Amino acid sequence: MILFKKDLVPLIASGQKTQTRRYWKSPRVKVGSVHRVNTSYYPTTGFTGLRIRILRVWEQQLSDVTENEAVAEGFHNLHDFVEYFFCLNGGRSVAGRKLYAVEFRREEQPA
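Residues numbered from 1 in each chain as written. Predicted model: local features only at pLDDT ≥ 70, side-chain atom pairs only at ≥ 80, totals over all residues. Heavy atoms only, no water.

Participant: Please provide a residue-by-residue account of the pairing of strand E5 (residues 98-106), values included.
Facilitator: Summarising the sheet, strand E2 (residues 19-22) and E5 pair through four bridges and their orientation is antiparallel. When the bridges of E5 are listed, Arg21 appears paired with Ala101. Direction of pairing for strand E4 (residues 47-61) relative to E5: antiparallel, over a ladder of nine bridges. Counted as the bridge partner of Trp58 is Ala101 from E5. (Pairing = 2+ DSSP bridges. Helix = DSSP H or I, 4+ residues; strand = E, 2+ residues; numbered from the N terminus.)

Dropping the structure here:
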């Protein structure tokens, strides 16, 4: 299970959002693994019906995120992504911390 904000779920469903960045001490996902997309820690209330497959995981500084990566995060540009990230993660004091970038693709649901 990987938690996402509700406003990001439609972007994952449409394939517009294919990356996420997280402050983890160590990676919590492995390349090739499949995870449920949830909006809550409680699987019965937060499961969106979506699953994602992890394609790549790497360490990164927020200052190294590119414009293309910000678009892959589901945002129009780097400025919008950074502002959202700061709001979500406690402001500009997080700017120097190491984070993990995760690239994924939406898994098709079996018929």
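Still more ground to cover, so stick around.
Participant: Tell me about helix H4 (residues 78-89), residues and numbers included.
Facilitator: Helix length check: H4 (twelve residues) gives 16 Å between terminal C-alpha atoms against 16 Å at 1.5 Å per residue, within 8%. Of the residues making up H4, those classed as buried are Phe81, Val82, Phe85 and Phe86. Seen from one end, H4 has its buried residues packed into an arc of 130 degrees, which puts them on one side. Exposed positions of H4 whose direction lies more than 90 degrees from the buried face are His79 and Cys87. (Expected span 1.5 Å × (residues − 1). Buried < 20%, exposed > 50% of the residue type's maximum accessible area, 1.4 Å probe, protein only. Arc of directions from axis to C-beta.)

Participant: Can you explain a nonpolar patch on the surface? Please cite residues and give values.
Facilitator: The grouping of Met1, Tyr41 and Tyr42 at the surface amounts to a nonpolar patch, some 430 Å² of accessible area in total. Here Met1 is to be found in the segment before strand E1 (2-3). (Patch = residues over 30% accessible without salt bridge, like charges linked within 9 Å, V, L, I, M, F, W, Y side chains within 5 Å. Areas by Shrake-Rupley, 256 points an atom, 1.4 Å probe, with all protein chains shown as cover. Salt bridge = Lys/Arg side-chain N within 4 Å of Asp/Glu carboxyl O.)

Participant: Break down the packing of aromatic side chains for me, with residues and values.
Facilitator: Ring pairs (aromatic) are described by centroid distance and by the angle formed between their planes. Taken as a whole, this structure holds five aromatic pairs when the rule is applied. Here the aromatic cluster, defined as three or more aromatic residues joined through ring pairs, consists of Tyr23, Phe75, Phe81, Tyr84 and Phe85. Against the face of Phe4 rests Arg22, its NZ or CZ located 4.8 Å from the ring centre. Positioned over the ring face of Trp58 is Arg56, at 3.6 Å from the centre of the ring. (Phe/Tyr/Trp six-rings, centres within 6.5 Å; stacked < 30°, edge-to-face > 60°. Lys NZ or Arg CZ within 6 Å of the ring centre and 35° of its normal.)

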